[in-house]
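Here is how the chains run, residue by residue.
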Amino acid sequence: MTEPQIVFIGAGNMARALISGMRQQGIAGPNIQVHAPSNLHRGALAEEFGVRSCPAQAEKLPENSVVIYAAKPKQMPAVLKEWRDSLRSASALFVSVAAGISSAQITTLLGEETPVVRAMPNTPAQIGAGATSLFATATVSANQCDTVQQIFAGVGKVFWLHDEALMDTATALAGSGPAYVLLFLEALEDAAVLQGLDRVTARALALQTVLGTAQMAAANSASPSELRHQVTSPGGTTAAGLAVWEEQLRPLAQRALAAAAERGRILSQLLKTTA
Ligand SMILES: NC(=O)c1ccc[n+]([C@@H]2O[C@H](COP(=O)([O-])OP(=O)(O)OC[C@H]3O[C@@H](n4cnc5c(N)ncnc54)[C@H](O)[C@@H]3O)[C@@H](O)[C@H]2O)c1
């Protein structure tokens, strides 16, 4: 089978992360084209990754194209109005990474017969360490599912969801998750600096602790809870610190994921009012 042409609509943070990961995975630069209104970002992507930089305008697509929508959710109606005919004439597979926007909303814009996959990747895709949740509509063929699987498995781990409503949860957990982890790193670093550690050492210690712990958890069949107990001596330092975390962390995680998932639903509702 010939390699699909991967067509990005949007040249921002998520497109960059995916393109970086795809290039490392071995997808050839000329097999990726990026459409965006300003040459600033797409030009930089072309220079750095050897991909084709194209204006935002829709164009005739090769058969077998996979089009990845990576512009903002609220722009989707205006952008897809322009791309609809090109997508249809190439029978392109449409993959949306837009948070919140449902496949029904997308097929309303593109036509019921359009094969649509929703994908929720995250920025660690740029180093091949992403986590992508995928949901396919009934019109997506098994071959097309394989194609999407291959594309996203090349930039990290892939998780298929069979209930589209859970895409908002996957977005709240893994799409947004890198920002939570980075905030956690910042908070640990700042707290250590407050106790007198220099910033460079505090940052490096926090980073290596989070990285090493995540790698240990991934390499281990024991649950996070079991591994945590291995760190926690009765009456020791960890127990003293954990007592403080336990007061707030679980309710905070629940509130944070609820707020993020709710925002996904709101983004979807906002689109309905403007479509
Ligand atoms: N950033 C993340 O971590 C992340 C993770 C998962 C999903 N997403 C989703 O990815 C999408 C993009 O997010 P981002 O963070 O990359 O945003 P961003 O603002 O960095 O990029 C948006 C891009 O869209 C382009 N654009 C604007 N109008 C356009 C048009 N008419 N045609 C083509 N391109 C156009 C802009 O030039 C810009 O390059 C969103 O839908 C978001 O929900 C983002």
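These numbers come from a predicted model, not from an experiment.

Some thoughts on the layout of surface pockets
Each pocket or cavity is described by its volume, and for the second largest pocket that value is around 880 Å³. If you trace the second largest pocket, you find 37 residues lining it, with Met14, Ala70, Ala71, Lys72 and Pro73 closest to the centre. The set of elements that each furnish at least two residues to the lining of the second largest pocket consists of helix H1 (13–25), helix H3 (76–89), helix H6 (167–175) and helix H10 (237–274). Broken down by class, the residue content of the lining of the second largest pocket amounts to 21 nonpolar, 13 polar and three charged.

A closer look at the UniProt feature "binding site: NADP(+)" (unreviewed entry) in the protein
Taking the UniProt record as the reference, the feature "binding site: NADP(+)" (unreviewed entry) is found at Ile9, Gly10, Ala11, Gly12, Asn13, Met14, Ala70, Ala71, Lys72 and Pro73. Spanning 65 residues, the named residues nonetheless gather at one spot, since no C-alpha pair among them exceeds 13.9 Å. Lining the second largest pocket, from the set of annotated residues above, are Ile9, Gly10, Ala11, Gly12, Asn13, Met14, Ala70, Ala71, Lys72 and Pro73. Inspection of the secondary structure puts Ala71 in the loop between strand S4 (66–69) and H3.

What to know about the packing of H6 against helix H7 (residues 177–194)
Taken N-terminus to C-terminus, the directions of H6 and H7 make an angle of 35°; their axes are 5 Å apart at the nearest point. Every residue of H7 that contacts H6 at Ala172, Leu173, Ala174 and Gly175 is listed here: Gly177, Pro178 and Tyr180. In the contact of H6 with H7, the residues fall into five nonpolar, two polar and no charged.

Regarding the site of the ligand
The environment of the ligand is formed by 22 residues, the closest being Ala11, Asn13, Met14, Ala71 and Ala99. In the environment of the ligand, an oxygen atom lies 3.0 Å from a nitrogen or oxygen atom belonging to the backbone of Gly12. Contacts to the ligand include Asn13, whose backbone N or O atom sits 2.9 Å from an oxygen atom. When isolated, the ligand has an accessible area of 830 Å², and the protein chains bury 79% of it. Most atoms of the ligand, that is more than half of them, are within 2 Å of grid points of the second largest pocket.

Section: the packing of H7 against helix H8 (residues 199–219)
As a packed pair, H7 and H8 sit with axes 9 Å apart at the nearest point and diverge in direction by 135°. Considered as vectors, H7 and H8 are oriented oblique to each other. Where H7 crosses over H8, the two elements pack in a sense that is right-handed. Here Val181, Phe184, Leu185, Leu188, Glu189, Asp190, Ala192 and Val193 of H7 lie close against H8, whose contacting residues are Arg199, Ala202, Arg203, Ala206, Leu207 and Val210. Per-class residue counts for the contact of H7 with H8 are ten nonpolar, no polar and four charged.

Details of the pattern of salt bridges
Side-chain pairs of opposite charge can arise where the charged atoms are in close proximity. Applying the stated rule across the entire model yields ten salt bridges. Salt-bridge contacts for Arg203 lead to Glu189; the nearest nitrogen and oxygen are separated by 2.9 Å. Of this pair, Arg203 sits in helix H8 while Glu189 is found in helix H7, placing the two residues 14 residues apart along the sequence. With a relative accessible area of 6%, Glu189 lands in the buried category. For Glu262, the salt bridge identified is with Arg265, shortest N-O distance 3.1 Å. Residue Glu262 and its partner Arg265 are both found in helix H10; the two are separated by three residues, about one turn of the helix.

Parameters and conventions
Residues numbered from 1 in each chain as written. Predicted model: local features only at pLDDT ≥ 70, side-chain atom pairs only at ≥ 80, totals over all residues. Heavy atoms only, no water. 1 Å grid on protein atoms, 1.4 Å probe; cavity = no way out; pocket = protein on both sides within 12 Å on 5 of 7 lines; lining within 4 Å. Points joined across faces, edges and corners; volume = space filled by probe spheres on them. Helix = DSSP H or I, 4+ residues; strand = E, 2+ residues; numbered from the N terminus. Nonpolar A, V, L, I, M, F, W, Y, C, P; charged D, E, K, R; others polar. UniProt positions renumbered as here; feature names shortened; annotations may be inferred. Axes fitted to C-alpha atoms, helices over the stretch in contact; angles between N-to-C directions. Contact = heavy atoms within 4.5 Å. Near = heavy atom within 4 Å. Polar contact = N/O pair within 3.5 Å; in protein donor to acceptor, adjacent residues only side chain to side chain. Areas by Shrake-Rupley, 256 points an atom, 1.4 Å probe, with all protein chains shown as cover. Sits in = over half its atoms within 2 Å of the grid points. Parallel < 35°, antiparallel > 145°, perpendicular 65-115°, else oblique. Left-handed = near helix turned anticlockwise from the far one by under 90°. Salt bridge = Lys/Arg side-chain N within 4 Å of Asp/Glu carboxyl O. Buried < 20%, exposed > 50% of the residue type's maximum accessible area, 1.4 Å probe, protein only.

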